[in-house]
Amino acid sequence: MHLFRNMKSTSALISCLRGGLLAVVPLLAVSTASAEDAALAEARVRAQLLHETFHGALQVMHRDFFREEDRSRIPSASLEGVFDELEKTWQVKVRWLAVNAKPMNIDHKPADAFERKAASKIESGEEMYEASEGETYRYAGAITLGNACLKCHVPDRTSLEDRKAALVITMPLRMAKP
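None of the values given here were measured: they were computed from a predicted structure.

Asker: It is not clear to me how the pairing of strand 2 (residues 128-133) should be interpreted in this structure. Could you clarify?
Answerer: Two faces make up the sheet, and in a regular strand the side chains alternate between them. Relative to strand 3 (residues 136-145), strand 2 runs antiparallel, the two being bridged by 6 bridges. In the strand pairing of strand 3, E133 is matched with T136. Taking the residues that link successive antiparallel strands as the turn, the strand 2-strand 3 hairpin has 2 residues, and the phi of G134 there is positive, at about 60°.

Asker: Would you mind going over the nonpolar core with me for this structure?
Answerer: Considering soluble globular proteins, one finds that nonpolar side chains tend to be buried as a cluster. Core analysis: the largest hydrophobic core is formed by 24 residues, its most contacted members being F54, V94, Y137, I169 and M171. Listed by contribution, the elements that provide at least two residues to this core are helix 2 (35-65), helix 3 (75-90), strand 1 (93-98), strand 3 and strand 4 (163-172). The leading source of residues in this core is helix 2, at 8 residues. Filtering out sequence-adjacent residues up to four positions away, F54 remains in contact with L79, V82, F83, L86, V94 and L167. Counting 11 residues, the second largest nonpolar core, distinct from the first, contains L97, I122, A142 and V168.

Asker: I'm lost on the side chain of K164 in this one. Help?
Answerer: Mapped onto the elements, K164 comes out in strand 4. Within polar-contact distance, the side chain of K164 engages the side chain of T144 at 2.9 Å.

Asker: It is not clear to me how helix 4 (residues 113-123) should be interpreted in this structure. Could you clarify?
Answerer: Residues that lie three or four places apart on an α-helix share one face, since the helix turns once every 3.6 residues. For helix 4, the set of buried residues is F114, E115, A118, A119 and I122. The buried residues of helix 4 all sit within an arc of 130° when viewed along its axis, so they share a single face. Tucked into the core, helix 4 has its buried residues touching strand 1, strand 2, strand 3 and strand 4. Sitting at the head of helix 4, D112 places a side-chain oxygen 3.2 Å from the backbone nitrogen of F114. At the exit of helix 4 stands G125, carrying a positive phi of roughly 115°.

What counts, and where the lines are drawn
- Think of each chain on its own: its residues are numbered from 1, step by step along the sequence as written.
- Local features in this predicted model are restricted to residues whose pLDDT is 70 or higher, and side-chain atom pairs enter the listing and the counts only when it is 80 or higher, whereas totals over whole chains, interfaces and linings include all residues.
- Values shown for side chains rest on all heavy atoms present in the structure; no hydrogens or waters enter the calculation.
- At least two bridges found by DSSP between two strands is the condition for calling them paired.
- Helix and strand assignments come from DSSP, with helices taken as H or I runs of at least 4 residues and strands as E runs of at least 2, each series counted from the N terminus.
- Put simply, buried Ala, Val, Leu, Ile, Met, Phe, Trp, Tyr and Cys residues joined by side-chain atoms within 4.5 Å make one nonpolar core.
- With a 1.4 Å probe rolled over the protein chains alone, any residue whose accessible area is under 20% of its type maximum counts as buried; one over 50% counts as exposed, and the rest are partly exposed.
- When checking whether two residues touch, look at their non-hydrogen atoms; a contact exists if any pair is within 4.5 Å.
- Think of a polar contact as two N or O atoms within 3.5 Å of one another; within protein, one of them needs to be a possible hydrogen donor and the other a possible acceptor, and neighboring residues in sequence only count if both atoms come from side chains.
- This arc corresponds to the set of directions leading from the helix axis out to the C-beta atoms.

Pasting the structure below:
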């Protein structure tokens, strides 16, 4: 069930997320939705916001700081310190997921059934995959590895076809307080 189907401002919300301009995420006020549906919708928006933030930060870090000749500072590894702080403060776990390119780090291989399903869905063209179980929400959002990325991520490639990675976000269904 698509929880936003009755909302007139869905495209505006998604546009704000895509543009990184979302400053405040309002709680959904859908009178027909149950508390669980509202919690799921709100968790989805929080996960999408985090995904877009980290995806954008990764691109900026690659552009501004990464030099092929000096691979000692890998942008994705730099963000893992931020991931650690998010987990300590907000109980939000974030990790990289290899989809259809050789993992740069063995820790980026799918670790469980959710991640295997997410990798499969994203490899087949989906932009995201989500699931909730109990009080936990999980979201995997695609990261496109374009030609410039593939020089390092798939150095022995035989085509210029884009590849995919993902960012997996696991969080409490209802927002935790720091």
